[in-house]
Amino acid sequence: MSAEQTSPRKASPAEPGGTGAVPLAKEPRTPRDSGPPAVGAPAVGAPAPAPDAITAVDPRLLVREQGFAGYAAEFARRMRSGQLGSVPVIVGLIVIWTTFQSLNSAFLSAQNISNISVDIAGTGLIAVGVVFVLLLGEIDLSVGSVSGLAGAAFGVLNITHGVPEWLALILAVLSGTAAGLVHGFFFARIGVPAFVVTMAGLLVWNGLMLQILGANGTINLDDSGLVAKLTTYYFSDIAAAYGLAAAVVAGYFLAAFLGARRRDAAGVPSRPLSELLLRTALLAAVCFPVAHLLNQYKGLPLALVIFVTVVAGTDVVLRRTAFGRRVFALGGSIEASRRAGIDVAGVRTAVFAIAGTLAAMGGLMLASKINAANQGAGSGDLLMSSIAAAVIGGTSLFGGRGRTWSALLGVLVIVSIQKGLQLESIAEPVKYMITGGVLLAAVVIDSVSRRTQKAAGRA
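To keep things clear, this report deals only with the structure shown in the data block. For clarity, every value in this text was computed on a predicted model and none was experimentally measured.

Thresholds, definitions, all that
- Residues numbered from 1 in each chain as written.
- Predicted model: local features only at pLDDT ≥ 70, side-chain atom pairs only at ≥ 80, totals over all residues.
- Heavy atoms only, no water.
- Helix = DSSP H or I, 4+ residues; strand = E, 2+ residues; numbered from the N terminus.
- Expected span 1.5 Å × (residues − 1).
- Buried < 20%, exposed > 50% of the residue type's maximum accessible area, 1.4 Å probe, protein only.
- Arc of directions from axis to C-beta.
- Contact = heavy atoms within 4.5 Å.
- Axes fitted to C-alpha atoms, helices over the stretch in contact; angles between N-to-C directions.
- Parallel < 35°, antiparallel > 145°, perpendicular 65-115°, else oblique.
- Nonpolar A, V, L, I, M, F, W, Y, C, P; charged D, E, K, R; others polar.
- Core = buried A, V, L, I, M, F, W, Y, C linked by side-chain atoms within 4.5 Å.

Here the focus is the environment of Val-87. Checked against the element boundaries, Val-87 lands in helix H4 (residues 87-103). Distance from Val-87 to Gly-393, taken between C-alpha atoms, is 9.6 Å for residues 306 residues apart in sequence.

As structure tokens, this is what we get:
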């Protein structure tokens with residue numbers, strides 16, 4: 001080793017005690033010093049990726065550094081790796097609406113859009129509860145019977161026994177909560193499979209509904225009562241529909257903007273303002289035309305307001321609260337969640353209670369549509385439509401992936417198909433077959449997407 005390499009280095013003038021006699025030579029810059037690595041490039045010293053591996057890139061970095069061309073490239077990469085999100089259902093909705101509108105110009109009329117917005121509320125509320133259960137990787141087969149039980153409980157309490165409407169409504173909703181707690185107890189605490197527990201619940205709650213309805217089997221509700229107004233009341237002032245549209249758009253932008261600011265403050269990638277504005281504009285391009293159509297008929301339906309409020313509220317619970325993160329964690333890995341200190345049994349029980357509560361709310365909405373509680377409530381294709389709505393909307397059957405907005409998208413697909421076929425006077429059996437085919441397609445897409453993600457190392 002040379003003397004120059006072994007001799008002690010003299011301090012520079014900038015250092016304490018420096019004399020300035022021997023200036024320090026600049027050390028050559030290493031690749032780590034030469035600026036930030038390119039987007040998607042591996043860190044210095046990291047092992048080289050396999051030739052066929054797909055490098056994960058944060059799209060927020062791409063938009064910030066490469067503009068929307070980079071975001072388009074990242075979007076294409078996500079599609080190739082099976083991260084489809086809501087893209088298939090949105091494309092499906094466009095195809096469905098375009099097809100039925102070409103067959104019948106009344107499909108996108110103000111009256112039909114208003115009818116769709118009311119019809120999606122009952123099944124959609126039940127589907128939101130199903131989303132919670134599916135996020136655990138489980139299933140609830142009792143939601144149809146629970147919805148029928150809630151309608152029957154309200155009718156018996158209010159009409160037969162004269163209980164005030166507001167109290168009867170609360171007790172009817174709580175009956176769904178109690179049913180969900182029973183399911184959660186046997187599943188989470190006793191260890192009975194959810195399929196078996198909820199299958200038993202399907203039979204028990206349906207039998208209890210028939211029992212309390214009695215020999216008559218039908219209880220007509222008050223035409224001007226609280227429950228009847230759930231699907232018959234409309235806000236006729238045009239400001240109501242436009243106000244809801246503005247609230248949805250502004251709420252989305254505000255949440256996204258504040259989220260981006262929090263990410264900036266934490267020093268992690270965030271979406272630039274330009275992208276937030278573009279997303280907000282696309283949402284406004286959907287909400288305001290719908291508001292315009294609703295105002296051309298009767299106005300803004302109360303049922304739609306309740307449904308959108310529940311969807312938005314539950315979405316906040318899932319994405320912005322510790323409870324929501326625990327639900328997703330359980331759907332990803334039960335054992336890992338248990339080792340992380342999560343109360344697995346408590347979260348599971350709470351999820352089934354939520355599903356029962358929302359099923360009861362949906363049952364009251366469905367009872368409002370026919371203004372009666374009868375023996376046929378909760379039967380037919382209601383159970384399958386509720387599960388199908390959650391799955392078609394993008395919630396995975398394998399757990400850990402989905403959002404409550406999936407229920408809204410999925411039920412829109414189902415009700416749009418039903419309304420379109422009604423306009424074409426298609427027989428009922430064909431409706432079942434087409435709905436079943438759409439459900440199968442959604443499950444196939446989910447399965448293929450999952451396999452693609454595993455192959456890309458993303459699952």
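Between its first and last C-alpha, helix H8 (residues 194-213) extends 28 Å over 20 residues, near the 28 Å set by a 1.5 Å rise per residue. For H8, the full list of buried residues reads Ala-194, Val-197, Thr-198, Gly-201, Trp-205, Met-209 and Leu-213. Seen end-on, H8 carries its buried residues on one side only, within an arc spanning 115°. Turned more than 90 degrees away from the buried face of H8 sit Leu-203 and Gln-211, all of them exposed. Contacts made by the buried residues of H8 are with helix H6 (143-160), helix H7 (165-190), strand E1 (218-220), helix H15 (344-370) and strand E4 (372-374). Looking at the residues trailing H8, positive phi occurs at Gly-214, about 80°.

H15 packs onto helix H13 (residues 322-332) with a crossing angle of 105° between their chain directions and a minimal axis gap of 10 Å. Of the possible angle classes, the one that applies to H13 and H15 is roughly perpendicular. The segment H13 lies against H15, with Phe-323, Arg-326, Val-327 and Leu-330 engaging Val-344, Val-347, Arg-348, Ala-350, Val-351 and Ile-354. Partitioned by chemical class, the residues of the contact of H13 with H15 number eight nonpolar, no polar and two charged.

Glancing now at the nonpolar core. If you look at soluble globular proteins, the nonpolar side chains tend to sit buried side by side. Among the nonpolar cores identified, the biggest contains 94 residues, and Ile-120, Phe-154 and Phe-307 are the most heavily contacted of them. Per element, the largest residue contribution to this core is 15 residues, and it comes from helix H5 (residues 110-135).

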